[in-house]
Amino acid sequence: MSIRQKAEVRGGAAVAVAAVLALVLVGCGSSEKPKDAEKPSASQSQGSASQKSTPATGGSVAPPEVIATTQGQSGIVLEINSAERDQDGYLTVNGQIKNTGSTPFAQTAAWRGDEKTASPASVAGATIVDNAGKKRYYVLRDTEGRCACTTGLMVIKAGESVPFFAQFPAPPTSTTDVVFGLPTFAAATIKISG
């Protein structure tokens with residue numbers, strides 16, 4: 001096999017790997033509640049927060065619990081629905097970014113933080129701070145630098161609500177509250193469950 005053929009094969013393999021990772025991330029964004037478990041695992045809750053059916057209304061979906069709300073610029077609101085610690089040592093923060101304004105919002109570049117290439121249009125700039133332990137945690141990355149967080153946040157239409165998640169190393173179990181931060185939003189104190 002010539003060097004050119006090897007390069008083409010490697011390039012095709014990279015495209016295939018990227019496509020599989022994209023499908024995995026899309027699958028992680030599912031908001032369906034598992035049928036056979038009361039509580040979703042961290043891998044199932046990486047998309048939007050799990051939504052509950054109310055028995056009184058025959059299956060209609062109740063809005064997810066909001067544990068913190070913070071304002072951004074131009075009518076953008078960040079709602080945090082959960083901060084769940086799992087047995088593997090991760091903390092997953094789930095929520096919604098809502099455009100309450102009357103025009104589309106496209107100033108999302110700041111949310112990626114210093115990230116320029118691996119996770120564009122993402123919430124890779126999110127952090128949590130454990131004030132008791134005096135430690136800041138950043139969004140987890142894979143071996144190629146891609147964030148364990150929502151990507152593809154280019155434009156949020158007026159009135160639109162977009163689910164997000166960000167996964168961090170979990171603080172010690174003695175820490176029950178952390179401060180969540182995302183560039184352009186005020187910091188919000190959230191309670192950890194799990």
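Above this text sits the structure in question.
About the cut-offs
Residues numbered from 1 in each chain as written. Predicted model: local features only at pLDDT ≥ 70, side-chain atom pairs only at ≥ 80, totals over all residues. Heavy atoms only, no water. Pairing = 2+ DSSP bridges. Helix = DSSP H or I, 4+ residues; strand = E, 2+ residues; numbered from the N terminus. Axes fitted to C-alpha atoms, helices over the stretch in contact; angles between N-to-C directions. Salt bridge = Lys/Arg side-chain N within 4 Å of Asp/Glu carboxyl O. Buried < 20%, exposed > 50% of the residue type's maximum accessible area, 1.4 Å probe, protein only. Core = buried A, V, L, I, M, F, W, Y, C linked by side-chain atoms within 4.5 Å.

Undergrad: When you look at the sheet that holds strand β9 (residues 177-181) in this model, what are you seeing that I'm missing?
TA: Strand order in the open sheet formed by four strands is β7-β6-β9-β10, and the pairing between neighbours is antiparallel. Both outer strands of the open sheet, β7 (135-138) and β10 (188-191), are each paired with one neighbouring strand and no more. On average, adjacent strands in this sheet sit at an angle of 30° to one another, irrespective of strand direction. Bridging between strand β6 (residues 127-130) and β7 involves four bridges; their strand directions are antiparallel. Looking across to β7, one finds that I128 is bridged to Y137.

Undergrad: Even after reading the chapter, I still don't get the pattern of salt bridges, so can you show me in this structure?
TA: Note on pairing: side chains with opposite charge can pair once their charged atoms come close. One pass over the full model with this rule turns up four salt bridges. A salt bridge links E79 to K98; the nearest nitrogen and oxygen atoms lie 3.1 Å apart. Here E79 is found in strand β4 (residues 76-85), whereas its partner K98 is found in strand β5 (residues 90-99), with 19 residues between them in sequence. Classification of E79 as buried rests on a relative accessible area of 15%. Since its relative accessible area comes to 27%, K98 is described here as partly exposed. Of the charged contacts, one joins D142 and R146 as a salt bridge, the two residues approaching to 3.1 Å between their closest N and O atoms. In the salt-bridge network here, residues are joined through shared partners; they are D142, E144 and R146.

Undergrad: What's the story with the nonpolar core in this structure? I'm lost.
TA: Across soluble globular proteins, nonpolar side chains show a tendency to be buried alongside one another. In this structure, I97, W111, F168 and F180 are the most contacted members of the largest nonpolar core, which totals 31 residues. Every element with two or more residues in this core is listed here: β4, β5, β8 (161-169), β9 and β10.

Geometry only, nothing functional implied.
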